[in-house]
Amino acid sequence: SASSGKANAAAIANLVAGANIDIAGNIALDAIASGSNAGGGLAKALLTVDAGDLASIGGNISVTANAHAASSALANASANIGAGSLLLLGDVTGRATAIGGRADHAFANLAMSASTGAVTVNGDIGAFAVADAAIDAANASIAIIANGAITLNGADPVASARIGPG
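Residue positions are given per chain, counted from 1 along the sequence in the order it is written. A pLDDT threshold of at least 70 governs which residues receive local features in this predicted model, and a stricter bar of 80 or more applies before side-chain atom pairs are shown or counted, although totals over entire chains, interfaces and linings include all residues. With hydrogens and water stripped out, all remaining heavy atoms of the structure feed into the side-chain values.

### Structural notes on the pairing of strand 10 (residues 125–131)
- In terms of residue burial, strand 10 counts as a mostly covered element, since six of its seven residues are buried.
- Relative to strand 10, strand 7 (residues 92–99) runs parallel, the two sharing seven bridges. When the sheet's bridge partners are listed, Ala96 is paired in strand 10 with Ala129.
- Across six bridges, the pairing between strand 10 and strand 13 (residues 158–163) is parallel. Each residue of the ladder has a partner; that of Ala129, found in strand 13, is Ala161. Partly exposed describes any residue whose relative accessible area lies between the buried limit of under 20% and the exposed limit of over 50%, with all areas from a 1.4 Å probe on protein chains only and scaled to the type maximum. Per the convention used, a helix needs a DSSP run of H or I reaching at least four residues, while a strand needs a run of E reaching at least two, with both numbered from the N terminus. Here, strands pair whenever DSSP counts at least two bridges between them.

Pasting the structure below:
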């Protein structure tokens, strides 16, 4: 907001259905906050998918948050995908980058859960968090929980958190 001098960016999607959610294409959320003043930067890309029965997504799922600021930066990229059963045909990726003067935090978290059935992911799964090295923190996590089977047909899931340049 202008009064605080902060650069804020938010990309938020909530898809909730009592029965099925069927998406043939991609889901992409991208938030970029760039602040050159002392107020800092906040970027958040937050996806929630909640289906009572089946959630079927035919394309890639991507949540990306990039915060760059002269002072502190916070980037949060999060996807929470839940249903009775999950069928994800593409890649599932979360990326968070926080670069600022001090106290920067980057969070990339992916959660997939099936309350009554299976979780099937045919693509790759990756959570990547990067913050520069000045009293900063980076966290990347992947959680997959199913009442039935978990089937991952892509490459091994990768959760990577990095502090420092490069």
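### Structural notes on the side chain of Thr120
- Note that Thr120 resides in strand 9 (residues 119–121).
- Residue class for Thr120 comes out buried when judged on its relative accessible area of 19%.
- Only heavy atoms enter the contact rule, under which two residues are in contact if any of them lie within 4.5 Å. The contact partners of Thr120, leaving out residues within four places of it in the chain, are Leu86, Leu87, Leu88, Thr151 and Asn153.

### Focus on the nonpolar core
- What is meant by a nonpolar core is a set of buried Ala, Val, Leu, Ile, Met, Phe, Trp, Tyr and Cys residues, joined one to another through side-chain atoms within 4.5 Å. Counting 44 residues, the largest nonpolar core has Leu47, Ile81 and Met112 as the members making the most contacts within it.
- With eight residues, strand 6 (residues 73–88) is the largest single contributor of residues to this core.
- Excluding residues within four positions of it along the chain, Met112 makes contact with Ile81, Leu86, Leu88, Val92, Val119, Val121, Ile125, Ile142, Ala143, Ile144 and Ile145.

### Examining the environment of Gly52
- Here Gly52 lies in strand 4 (residues 41–57).
- Considered as a pair, Gly52 and Gly164 are 112 residues apart in the sequence and their alpha carbons are 42 Å apart.
- With near-sequence residues (within four places) excluded, Gly52 lies in contact with Ala17, Gly18, Ala19 and Gly84.

### Considerations on the sheet that holds strand 10
- Here five strands make up an open sheet; going across it, the order is 3-5-7-10-13 and the pairing parallel. Only two strands of the sheet have a single partner each, and these edge strands are strand 3 (27–35) and strand 13. Here the strands of the sheet are splayed against their neighbours by 0° on average, with no regard to which way each runs.
- In this sheet, strand 7 lies alongside strand 5 (residues 61–69) in parallel orientation, the contact comprising eight bridges. Bridge pairing links Ile61 to Val92 in strand 7. A fitted line through C-alpha atoms represents every axis, and for helices the fit uses only the stretch in contact; the resulting angles, taken between N-to-C directions, go from 0 to 180 degrees.

### With respect to the environment of Thr48
- Mapped onto the elements, Thr48 comes out in strand 4.
- Placed 89 residues apart in sequence, Thr48 and Ala137 show a C-alpha to C-alpha distance of 24 Å.
- Among all residues touching Thr48, those that are not within four sequence positions of it are Ala13, Asn14, Leu15 and Asn80.
- Any N or O atom pair separated by 3.5 Å or less is treated as a polar contact, with the protein-specific requirement of one donor-capable and one acceptor-capable atom, and with residues adjacent in sequence counted only for side-chain atom pairs. A polar side-chain atom of Thr48 sits 3.4 Å from a polar atom in the side chain of Asn14.

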